[in-house]
Amino acid sequence: MDSITDNLQAVTARIDRAAAAAGRDRRTVSLLAVSKTMPAEAVRSAVAAGQRAFGENYVQEGIDKIAALRAEGGPTLEWHFIGALQGNKTRSVAEYFDWVHTIDRVKIAERLSAQRPATLSPLQVCLQVNISGEASKSGCTPDALAALAEAVAALPRLTLRGLMAIPEPSADYEGQCRPLRQMRNLFEQLRARHPGLDTLSMGMSHDLEAAVAEGSTLLRIGTAIFGERKAKP
Ligand SMILES: *Cc1c(COP(=O)(O)O)cnc(C)c1O
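Every value quoted in this text rests on a predicted model; they were computed, and no experiment measured them. (Residues numbered from 1 in each chain as written. Predicted model: local features only at pLDDT ≥ 70, side-chain atom pairs only at ≥ 80, totals over all residues. Heavy atoms only, no water.)

**Q** Can you break down the pattern of salt bridges residue by residue, with the values?
**A** Taken as a whole and assessed by the stated rule, the structure comprises 15 salt bridges. For Arg44, the salt bridge is made with Glu72, and the minimal N-O distance between the two is 2.7 Å. One end of the pair, Arg44, is in helix H2 (residues 40-48); the other, Glu72, is in the loop between helix H3 (59-71) and strand E3 (78-81), with 28 residues separating them in the sequence. A residue is classified by how much of its surface remains accessible, and Glu72, at 45% relative accessible area, is partly exposed. In this structure, Arg184 engages Glu214 in a salt bridge whose closest nitrogen and oxygen atoms are separated by 3.8 Å. Placement of Arg184 in helix H7 (residues 173-193) and of Glu214 in the loop between helix H8 (208-213) and strand E8 (218-221) is noted, with a sequence separation of 30 residues between them. On the accessibility criterion, Arg184 (30% relative accessible area) is partly exposed. Linked through salt bridges whose partners overlap, the residues forming this network are Glu174, Arg181, Arg184 and Glu214. (Salt bridge = Lys/Arg side-chain N within 4 Å of Asp/Glu carboxyl O. Helix = DSSP H or I, 4+ residues; strand = E, 2+ residues; numbered from the N terminus. Buried < 20%, exposed > 50% of the residue type's maximum accessible area, 1.4 Å probe, protein only.)

**Q** A description of the environment of Ser45 should follow, citing residues and the corresponding values.
**A** Structurally, Ser45 is set in helix H2. Classification of Ser45 as buried rests on a relative accessible area of 15%. Between the alpha carbons of Ser45 and Met204 there is a distance of 20 Å; along the sequence they are 159 residues apart. Apart from residues no more than four positions distant in its own chain, Ser45 is found in contact with Asp2 and Ile4. (Contact = heavy atoms within 4.5 Å.)

**Q** Any chance you could break down helix H1 (residues 3-22) for me, citing the residues and the numbers?
**A** Along its 20 residues, H1 runs 28 Å from first to last C-alpha, staying within 8% of the 28 Å computed at 1.5 Å per residue. All buried positions along H1 are accounted for by Ile4, Thr5, Leu8, Val11, Ile15, Ala18 and Ala19. All buried residues of H1 lie within an arc of 150° about the axis, which places them on one face of the element. Residues Arg17, Ala20 and Ala21 are exposed on H1 and point more than 90 degrees away from its buried face. Next to the buried residues of H1 lie strand E1 (30-34), H2, H8, E8 and helix H9 (223-226). Note on H1: the residue one or two positions beyond its end, Gly23, has a positive phi of about 65°. (Expected span 1.5 Å × (residues − 1). Arc of directions from axis to C-beta.)

Now the structure itself:
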């Protein structure tokens, strides 16, 4: 067994334990393997181990891997765009990806909807919330969320699925839980108005347990599956 197979098993075991500890049905927690900066070969290893959903942060790198894996004709994979999205890159994202987690303004959502090819099913989207209020981070403010959700839900070629957050890292468990719990509350409030929402995208390698405890339905895990990333030059 290669290390990616081992790592995927270890991550799956962590999710199993966290779900059991939280009294949650294990089937309500999915795993997105974040393959940013990793070669297509790493994705192939994860696919061989049974993983089907992958997250990418950089548009060109992502579509290169998507095209390479598709050309090989293996199992159907689900590709999630989880990076910061600029207006001039939306077309490629709309054409190649199945999901986008980082919608934080109406303008970007409108472009994605207009550019989603008619031959594909609607793009599945989450709204990113800047839950820790960090000036350097993308995401809409909690106050702006209801209006953004209303606008995005009305776009014909997008399906609003839920919320996504990258909280400020915290070394202690309770510090990790606090913003994740705020996200869960925002999600529940929004769901009263949009009953179809089913996705709370939160939890990374370091805070997976806290995220499962606070209701995450989609964990985005990179390092714990693929190993440390090289620093960007
Ligand atoms: C890189 C990244 C992850 C994965 O983080 P790890 O700490 O490597 O698990 C998850 N979400 C987003 C948005 C990322 O950019």
